[in-house]
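One-letter residues, chain by chain:
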Amino acid sequence: MMEGRRTRRSSSSASSLFFPAPKVPPQKGNFVMTFFSCPVGNVEQASSSTHSARPRATTVAENTYKMKPEKRISAEEVKSIIVQHLQSLESQIYEAKRCRELAKGMSNSIMGDLKHLGYARFKFVCSVTIGQVKGQDVRIASRSIWDTDCDTFVSESYHNDSLFAVCVVFGVYQE
């Protein structure tokens, strides 16, 4: 046995490996991280790690120091994409399960079309809400902190006899 370390033998009869006791670093705030020494190559691994064994490819990019976008988001372009997708609901009748899938699919297809517009360094968030028309009022609200000079949103709604749909797209510039 090594000095200063407690070791225990694996309970498996086929294995004769020794596993060192876990090292516990000092607590930071309310979190405790437990580390184990890896028997091969002394590589430290977190016990709660969710990383794959494959190393990540890292790309190093230099800072551009661009604080403002080269071109602003055109609300008319985004609105035309939203309206085009909402028009596909003309013949739909409200069914909860089908409308749930329609909202997910519509949001994904709007996001795909927005990526083809070529706005560099913008992150888009698309929210599609589909509900049943029963004479009720609906308010959809959101809050965020953003730069009013660069960031924007576009909202459009649609309704027929059995359903309503509201789509909101947020465009946020990455500085």
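For the structure, see preceding data.
This text gives an overview of the structure that appears in the document. (Residues numbered from 1 in each chain as written. Predicted model: local features only at pLDDT ≥ 70, side-chain atom pairs only at ≥ 80, totals over all residues. Heavy atoms only, no water.)

On a plain count of helices and strands, the chain comes out with two helices and seven strands. Listing the helices and strands of the chain from first to last along the sequence gives β-β-β-β-α-α-β-β-β. The buried share among the 175 residues of the chain stands at 25%. Taking the intrachain contacts of the chain between residues at least 6 apart in sequence as the baseline, contacts between residues at least 24 apart amount to 62%. Within the structure as shown, the chain displays about 13900 Å² of accessible surface, and the carbon and sulfur contribution to it stands at 52%. (Helix = DSSP H or I, 4+ residues; strand = E, 2+ residues; numbered from the N terminus. Buried < 20%, exposed > 50% of the residue type's maximum accessible area, 1.4 Å probe, protein only. Contact = heavy atoms within 4.5 Å. Areas by Shrake-Rupley, 256 points an atom, 1.4 Å probe, with all protein chains shown as cover.)

This brings us to the packing of aromatic side chains. Under the counting rule described, the total for this entry stands at seven aromatic pairs. Arranged with centres 6.3 Å apart and planes meeting at 65°, the rings of Tyr119 and Phe124 form a pair that is edge-to-face. The pair Tyr119 / Phe124 is uniform in exposure class, with both members buried. For Lys71, the ring lying beneath its charged end belongs to Tyr119, and the centroid distance is 4.8 Å. (Phe/Tyr/Trp six-rings, centres within 6.5 Å; stacked < 30°, edge-to-face > 60°. Lys NZ or Arg CZ within 6 Å of the ring centre and 35° of its normal.)

Let us now look at the packing of helix 1 (residues 75-86) against helix 2 (residues 96-115). Geometrically, a packed helix pair is captured by the angle between its two axes and the distance between the axes. One way to put it is that helix 1 packs onto helix 2 with a least axis distance of 10 Å and a crossing angle of 150°. When the axes of helix 1 and helix 2 are compared, the crossing they make is right-handed. Between helix 1 and helix 2, the residues in contact are Val78, Ile81, His85 and Leu86 and Met106, Ser109, Ile110, Asp113 and Leu114, respectively. When grouped by side-chain class, the residues that make up the contact of helix 1 with helix 2 number six nonpolar, two polar and one charged. (Axes fitted to C-alpha atoms, helices over the stretch in contact; angles between N-to-C directions. Left-handed = near helix turned anticlockwise from the far one by under 90°. Nonpolar A, V, L, I, M, F, W, Y, C, P; charged D, E, K, R; others polar.)

Okay, the nonpolar core next. If you look at the biggest cluster of nonpolar residues, it comprises 26 residues, and the most contacted ones within it are Ile110 and Val169. Looking at this core, the elements with two or more residues in it are helix 1, helix 2, strand 5 (122-132), strand 6 (152-159) and strand 7 (163-173). Those residues within four positions of Ile110 in sequence are excluded, and the remaining contacts are Ile81, His85, Cys126, Val128, Cys167 and Val169. (Core = buried A, V, L, I, M, F, W, Y, C linked by side-chain atoms within 4.5 Å.)

What follows is about the pairing of strand 7. Of all eleven residues that make up strand 7, ten are buried, and the element is covered over most of its length. Pairing geometry for strand 5 and strand 7, over eleven bridges, is antiparallel. Within strand 7, the residue paired with Val125 across the bridge is Phe170. Strand direction decides the pairing type here: strand 6 and strand 7, joined by eight bridges, are antiparallel. When the sheet's bridge partners are listed, Val154 is paired in strand 7 with Val169. In this antiparallel pair of consecutive strands, strand 6 and strand 7, the connection spans three residues. (Pairing = 2+ DSSP bridges.)

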